2 protein chains.
Amino acid sequence: MHKDGQVWIFDCGEGSQIQFQKSSLRPGRIAKIFITHLHGDHMFGLPGLLCTIGNAVQERPEFVLELYGPKGLRKFVRQSLSLSRSLLPYGYVVHELVPLSEQYPANWGEWNVDHDSTGPLHPQEKQGRDIVAGDGPSWDLLCDDGLCVKAGLLHHTIPSFGFVVTEADQNGRLDVSKLRGLGVPTGPLYGKLKKGETVTLKSGTIIEPSQVLGPTKLGRKASILGDTRDPWSMAHLVKDSDVLLHEATMQNSLHDKAIEFGHSTPAMAAKFADCVGVKRLVLFHYSQRYKPVSKETSESETTEILLKEAKDALPPTSACEVIAAEDLMEISITRSAQDTDTSEFWALRKRRSGGGSQDAQQLLAVASPKCSTYSATKSNQLVGENIPQFVSLFSVLYNKGCPNPS
Amino acid sequence: MHKDGQVWIFDCGEGSQIQFQKSSLRPGRIAKIFITHLHGDHMFGLPGLLCTIGNAVQERPEFVLELYGPKGLRKFVRQSLSLSRSLLPYGYVVHELVPLSEQYPANWGEWNVDHDSTGPLHPQEKQGRDIVAGDGPSWDLLCDDGLCVKAGLLHHTIPSFGFVVTEADQNGRLDVSKLRGLGVPTGPLYGKLKKGETVTLKSGTIIEPSQVLGPTKLGRKASILGDTRDPWSMAHLVKDSDVLLHEATMQNSLHDKAIEFGHSTPAMAAKFADCVGVKRLVLFHYSQRYKPVSKETSESETTEILLKEAKDALPPTSACEVIAAEDLMEISITRSAQDTDTSEFWALRKRRSGGGSQDAQQLLAVASPKCSTYSATKSNQLVGENIPQFVSLFSVLYNKGCPNPS
């Protein structure tokens, strides 16, 4: 999974596939899709994207695309694909996160919608898991080949989740000159030391891995949160993230309105990020009233307002950096080594560099496809070369959201 | 209905609302939406558009948006809006067309999908009608204030329909100088003559309406067909249309492939249009391989190929004109008077003229929003000032279509 250039998508509003086509990513590389919550601006692009992936990959019956999202996602995908008579040239599975009762608004029962998937599976569908909350709470989604994904609880107007992707630490490189100096013969002992095992030479000398290994490469952590008026139930999961994508729908002066609609202000996002030790906070999911800086006119408010408010909310001593996502923006994230200089090098690139190998210290990037003329769609990507590429695609076409009952 | 600038939409693929925003039309004016068939590229934009209309109209609980489409549409809309917890500030109703058995492919039963709407109505939903075929066959959708809409049967890989909008003929204007010359006193007799009634003056003189009325304004007819490999079951409905929107997915040399996927070639569309007396044939729904003429590169094929093939398929004596729709294109259509020069004046405008009154002879227009960089979405509009504006919005994002079972 680390090595085959997978793309992971987080949320999929209407028009996501159009934005996706504007990026440097390829639909056929999409391996997993995570949906934070079932509001239309985070989900209505999913059936179309699944069809487009189908056109991109041709026939791959052995491949199974994995979708993760709140209870109800399986039904939405199955019904949309089945009623539109859309067969796929690949398999898919929807793993559902079972929300906790506290995630439902008080008036949830007043509009009784059956979220259970009924009827037969779609012809290409595999039966998914129902994932219930463990301690924390947290939902364990997957742990595979050095990458784990957990979900955490958010408070919004409907059940909403955040996803945390954690990379395992990796042992440092073997220092061959030290190995030779200690008299370690080439062969199986090298492999054992590389894996972190202590070995004993024929001479009886005991060699600890720390004697011959370079600095441990610390795993990185990226947290991508859905809409929320309160992220604090995820503090234990988001803690020390290299990157946190946190919504900042309205400016601080609209705090009460933001809360009423289940959203956050820049100050709320910044305080949370700082308190849990986030290295880089990426604001996104802006109200349509805020135009991208590049689209600024004399009348318009821009995301610069939100960025400034987030920065101002940080204590002067905070090490947290803040940026405001823009469409098709990409940001690289360093990987810090345990016992060397841990200062971060954040490179912000407008496009991924074409071909060639990247600095090994820059494996993660955040990108956000360019706004269309009408700020129609706004997307954010976390991309990398040696790990899956993360793309957060949601639509702000109607980011006021359909009026909802809470 | 004639007078309040309504907009009617025909088909609604993903991204339709984005294209719609690029047009001169306003979402709050949308009054009716017609869906030809349930393939995703004709329907997946519907839930998002309904939410966007909601943002545009604010609170209008007395307004009921009418949707018409094949059986299964009601379930798709209800499930999508309900699972996404999308309340609307207006009412809506889905009237379903019950297909005839011949519209189903032979293998339909191999993938058993329940098309019945289950569970309670959406909170803003009104119970719709189930419309069955009458003689012809044709489905009578509505007849209101001088406009009637019927649907006809098409053959595609799933049940597909075409819609025919017919405007009633209108009596000509009263010629006041003739009325005076015949000694008709001003007052109620004017109204009776205008309505087409014969009147008798106090002198005993009988006045026929034809003596004092200008030429009858013939009602116009616009036919908008869904995907089809055979439109001939609609010949009786499409007959003498002023405008026919007919798909031309692939060029003539790919005839067998077009038929296999349930589609038409330019020659098929042109022969049908000519035989049933269509005045203007508008080709649309092109395979992605054909780029808009404006996007032509040395490598690409353009829609010019399709246009030429359609023109070449017409007999030399044909009065049918052919154009190839492009995004955001608009075309005005004359209204011919019965006993005056009936030559048509077709004006092709890139944008609707801003404000001001239009030539009364130009009430209908065909427009097609501009292709995005990736030919992402292609839409076609029939717009007018004194009658509802017709917009055909379908997506060609994956117009190869999800592979389907027939």
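Residues numbered from 1 in each chain as written. Chains lettered and ligands numbered in written order. Predicted model: local features only at pLDDT ≥ 70, side-chain atom pairs only at ≥ 80, totals over all residues. Heavy atoms only, no water.

**Some remarks on the confidence of the model for chain A**
Residues and elements named next belong to chain A.
Here's step 1: In this model, chain A carries a mean pLDDT of 81, and residues with pLDDT of at least 70 account for 79%.
Here's step 2: Mean pLDDT across the elements of chain A bottoms out in strand β19 (residues 347-349) (26) and peaks in strand β6 (residues 130-131) (98).
Here's step 3: Every residue in residues 395-406 scores below 50 in pLDDT, and together they form 51 contacts with partners more than four places removed in sequence or on other chains. (pLDDT = per-residue confidence, 0-100. Helix = DSSP H or I, 4+ residues; strand = E, 2+ residues; numbered from the N terminus. Contact = heavy atoms within 4.5 Å.)

**So, the pattern of salt bridges**
All names here are of chain A.
Here's step 1: Tallied over the entire structure, the rule returns 22 salt bridges over all chains.
Here's step 2: When the shortest N-O distance is used, the salt bridge between Asp130 and Arg74 registers 3.1 Å. In this pair, Asp130 sits in strand β6 while Arg74 sits in helix α3 (residues 73-83), placing the two residues 56 residues apart along the sequence.
Here's step 3: For Asp130, a relative accessible area of 52% puts it in the exposed group.
Here's step 4: Via salt bridges that share partners, Arg74, Glu96 and Asp130 belong to a single interconnected network. (Salt bridge = Lys/Arg side-chain N within 4 Å of Asp/Glu carboxyl O. Buried < 20%, exposed > 50% of the residue type's maximum accessible area, 1.4 Å probe, protein only.)

**Things to note about the nonpolar core**
Here's step 1: Within the largest apolar cluster, 68 residues are counted, with the highest numbers of intra-cluster contacts made by Ile33, Leu65 and Val77 of chain A together with Ile33, Leu65 and Val77 of chain B.
Here's step 2: Filtering out sequence-adjacent residues up to four positions away, Leu65 of chain A remains in contact with Ile30, Ala31, Lys32, Ile33, Leu50, Ile53, Tyr90, Gly91, Tyr92 and Val93 of chain A. (Core = buried A, V, L, I, M, F, W, Y, C linked by side-chain atoms within 4.5 Å.)

**Things to note about the relation of the copies chain B and chain A**
Here's step 1: Each copy superposes on the other: chain B lies on chain A with an RMSD of 0.1 Å after a rotation of 180 degrees and an axial shift of 0.1 Å. Such a turn and shift between the copies fits a two-fold axis. Among all residues of chain B, the minimum C-alpha distance to the rotation axis is found for Gly15 of chain B, at 2.7 Å.
Here's step 2: A shared binding surface is used by both copies, with 100% of the interface residues of chain B retained as interface residues in chain A. (Least-squares fit on C-alpha atoms with pLDDT ≥ 70 in both.)

**Points about the sheet that holds strand β9 (residues 160-167) of chain A**
Residue and element names in this part refer to chain A.
Here's step 1: Spatial strand order, β7-β8-β9-β12-β13-β14-β17: seven strands in an open sheet with mixed pairing. Of all the strands in the sheet, the pair left with one neighbour each is β7 (139-144) and β17 (321-324). Direction aside, the axes of adjacent strands within the sheet are offset by 20 degrees on average.
Here's step 2: Summarising the sheet, β7 and strand β8 (residues 147-154) pair through five bridges and their orientation is antiparallel. When the bridges of β8 are listed, Leu142 appears paired with Val149. (Pairing = 2+ DSSP bridges. Axes fitted to C-alpha atoms, helices over the stretch in contact; angles between N-to-C directions.)

**Considerations on the packing of aromatic side chains**
Each pair of aromatic rings is reported with the distance of its centres and the angle of its planes.
Residues and elements named next belong to chain A.
Here's step 1: All told, the structure shown has 20 aromatic pairs over all chains when counted by the stated rule.
Here's step 2: Pairing Phe63 with Tyr90 gives two aromatic rings, centres 6.1 Å apart and planes at 55 degrees, and the pair type is tilted. Note that Phe63 is positioned in strand β3 (residues 60-70) and Tyr90 in strand β4 (residues 90-97), a separation of 27 residues in sequence. You'll find Phe63 and Tyr90 in the same group, each marked buried.
Here's step 3: The ring of Phe63 has Arg60 lying over it, and the distance from NZ or CZ to the ring centre is 4.0 Å. (Phe/Tyr/Trp six-rings, centres within 6.5 Å; stacked < 30°, edge-to-face > 60°. Lys NZ or Arg CZ within 6 Å of the ring centre and 35° of its normal.)

**Considerations on the side chain of Arg78 of chain A**
All names here are of chain A.
Here's step 1: As for its placement among the helices and strands, Arg78 is situated in helix α3.
Here's step 2: Overall, the relative accessible area of 6% leaves Arg78 in the buried class.
Here's step 3: A polar contact is formed between the side chain of Arg78 and the side chain of Glu125, at a distance of 2.8 Å.
Here's step 4: If we ignore the near neighbours within four places in the chain, the residues touching Arg78 are Tyr92, Ser117, Thr118, Gly119, Pro120, Leu121, His122 and Glu125. (Polar contact = N/O pair within 3.5 Å; in protein donor to acceptor, adjacent residues only side chain to side chain.)

**Some details on the interface of chain B and chain A**
Here's step 1: The partner chain A presents 56 residues to the 56 residues of chain B that form the contact.
Here's step 2: The contact between chain B and chain A buries some 4700 Å² in all, and 64% of this surface belongs to carbon and sulfur atoms.
Here's step 3: The largest share of the area that chain B buries against chain A comes from Leu83, Arg85 and Trp111 of chain B, three residues that together contribute 21% of it.
Here's step 4: Our count for the contact surface shared by chain B and chain A stands at zero salt bridges.
Here's step 5: Applying the counting criterion to the chain B and chain A interface returns eight residue pairs in polar contact (both at pLDDT 80 or more).
Here's step 6: Elements with a minimum of two residues in the side of chain B that touches chain A: α1 (16-22), α2 (46-57) and α3 (73-83) of chain B.
Here's step 7: Among the elements that make up the side of chain B that touches chain A, the one with the highest residue count is α3 of chain B (seven residues).
Here's step 8: Looking at side-chain class alone, the side of chain B that touches chain A contains 25 nonpolar, 25 polar and six charged residues. (Buried area = accessible area lost by both parts, 1.4 Å probe. Nonpolar A, V, L, I, M, F, W, Y, C, P; charged D, E, K, R; others polar.)

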